[in-house]
Amino acid sequence: MIEKKPSGDIRIHVSFEDFAKVFKVYEGFPFWESWTPDEVRNEYESYFIKSGTVFGYYIDGRCVSILSMHPIVLGEHPVTYDTKKKVMYLSDVATLPEYRNRGIATELFKKLLQYTIVHDYDYVYMRTNFHKEESMSAGIARKCGFHRVPDVKQWCEMKRVDGSTRKDLRCFYEKKIK
């Protein structure tokens, strides 16, 4: 049994190899998304092309959770902000199944919030699956002071591990930093 909040360290600029190992969680429950190796590499590299970064939570040298982010790209999502505002998009948060419910992703959220304060952001927002039940990341976001953006949703078409394609409804959460 893994202890609650196992001691580890948070690193900035996670390697592609560590990112890819944790990103594979999207192939399992509840997502079942299919990503080719090239798509995973493109996802990883896109954060740095957009001046973003990837935080990783490491235990005994092993990356067990990631959080990726980049500054807002206008038109990427249906949320809108005053163009004079500095806005960060939290793109992915993923934790290996055996390390979930231990507070690790919450620690990464807190690191993200510290980062946005230090770098003078006005808002941070995220997109997550919209279900009758709250997603894991939405629950963590709410604990960290995020609020759901009312009346803003987006359909996303994703390839599934079984070869099918399915549309998921996504909603948005935000937190005002200053």
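Quick caveat, the model's predicted, so the values are computed rather than measured.

Novice: Would you mind showing me how to read the nonpolar core here?
Specialist: When a protein is soluble and globular, its nonpolar side chains tend to lie buried together. By size, the foremost hydrophobic cluster in this structure holds 45 residues, and its most contacted members are Phe19, Ile66, Leu67, Leu90, Phe109 and Phe146. Those residues within four positions of Leu67 in sequence are excluded, and the remaining contacts are Thr53, Val54, Phe55, Leu90, Asp92, Val93, Leu108, Phe109 and Leu112. Of all hydrophobic cores here, the second largest spans nine residues; its members include Tyr81, Tyr123, Val149 and Val152.

Novice: Explain the packing of aromatic side chains to me, please; I cannot follow it from the model alone.
Specialist: By convention here, two paired aromatic rings are described through the distance between centres and the angle between planes. Scanning the model with the defined rule gives 14 aromatic pairs in all. Judged by centre distance (5.8 Å) and plane angle (80 degrees), the rings of Phe109 and Phe146 are edge-to-face. With Phe109 in helix 3 (residues 104-118) and Phe146 in the loop between helix 4 (136-143) and strand 6 (147-159), this pair connects stretches of sequence that are 37 residues apart. Between Tyr125 and Phe172 the ring centres are 6.3 Å apart and the planes differ by 40 degrees, which places this aromatic pair in the tilted class. Of this pair, Tyr125 sits in strand 5 (residues 123-129) while Phe172 sits in strand 7 (residues 165-176), placing them 47 residues apart in sequence. Each of the two residues, Tyr125 as well as Phe172, counts as buried. A cation over a ring is seen here: Arg41 above Phe16, with NZ or CZ 3.8 Å from the ring centre.

Novice: What exactly am I supposed to notice about unusual backbone geometry here?
Specialist: Where the residue is not glycine, phi is negative for most of them; where a peptide bond is considered, it is trans in most cases. At Ser51, a position not held by glycine, the phi torsion is positive, near 65 degrees. Residue position: Ser51 is located in the loop between helix 2 (37-49) and strand 2 (53-59). When its relative accessible area of 53% is taken as the criterion, Ser51 is described as exposed. One non-glycine residue, Asp60, lies in the positive phi region at around 50 degrees. Position of Asp60 among the secondary structure elements: in the loop between strand 2 and strand 3 (62-71).

Novice: Explain the side chain of Ser135 to me, please; I cannot follow it from the model alone.
Specialist: In this fold, Ser135 is placed in the loop between strand 5 and helix 4. A relative accessible area of 15% means that Ser135 is categorised as buried. Filtering out sequence-adjacent residues up to four positions away, Ser135 remains in contact with Thr128 and Asn129.

Novice: What should I look at first to understand helix 2 in this one?
Specialist: Count 3.6 residues to each turn of an α-helix, and residues three or four apart come out pointing the same way. For helix 2, spanning 13 residues, the distance from its first C-alpha to its last is 18 Å, which sits close to the expected 18 Å at 1.5 Å a residue. By the burial criterion, the buried members of helix 2 are Val40, Glu43, Tyr44, Ser46 and Tyr47. Viewed along the axis of helix 2, the buried residues span an arc of 150 degrees, placing them on a single side of the element. Facing away from the buried side of helix 2 by over 90 degrees, the exposed positions are Pro37, Asp38 and Ile49. Contacts from the buried residues of helix 2 go to helix 1 (16-23), strand 2, strand 3 and strand 4 (87-95). A positive phi of about 65 degrees marks Ser51, the residue just after helix 2.

Novice: Where do I start with helix 1 in this structure?
Specialist: Across the eight residues of helix 1, six count as buried, placing the element largely inside the fold. Along helix 1, the residues classified as buried are Phe16, Asp18, Phe19, Ala20, Val22 and Phe23. Next to the buried residues of helix 1 lie helix 2, strand 2, strand 3 and strand 4.

Thresholds, definitions, all that
- Residues numbered from 1 in each chain as written.
- Predicted model: local features only at pLDDT ≥ 70, side-chain atom pairs only at ≥ 80, totals over all residues.
- Heavy atoms only, no water.
- Core = buried A, V, L, I, M, F, W, Y, C linked by side-chain atoms within 4.5 Å.
- Buried < 20%, exposed > 50% of the residue type's maximum accessible area, 1.4 Å probe, protein only.
- Contact = heavy atoms within 4.5 Å.
- Phe/Tyr/Trp six-rings, centres within 6.5 Å; stacked < 30°, edge-to-face > 60°.
- Helix = DSSP H or I, 4+ residues; strand = E, 2+ residues; numbered from the N terminus.
- Lys NZ or Arg CZ within 6 Å of the ring centre and 35° of its normal.
- Expected span 1.5 Å × (residues − 1).
- Arc of directions from axis to C-beta.

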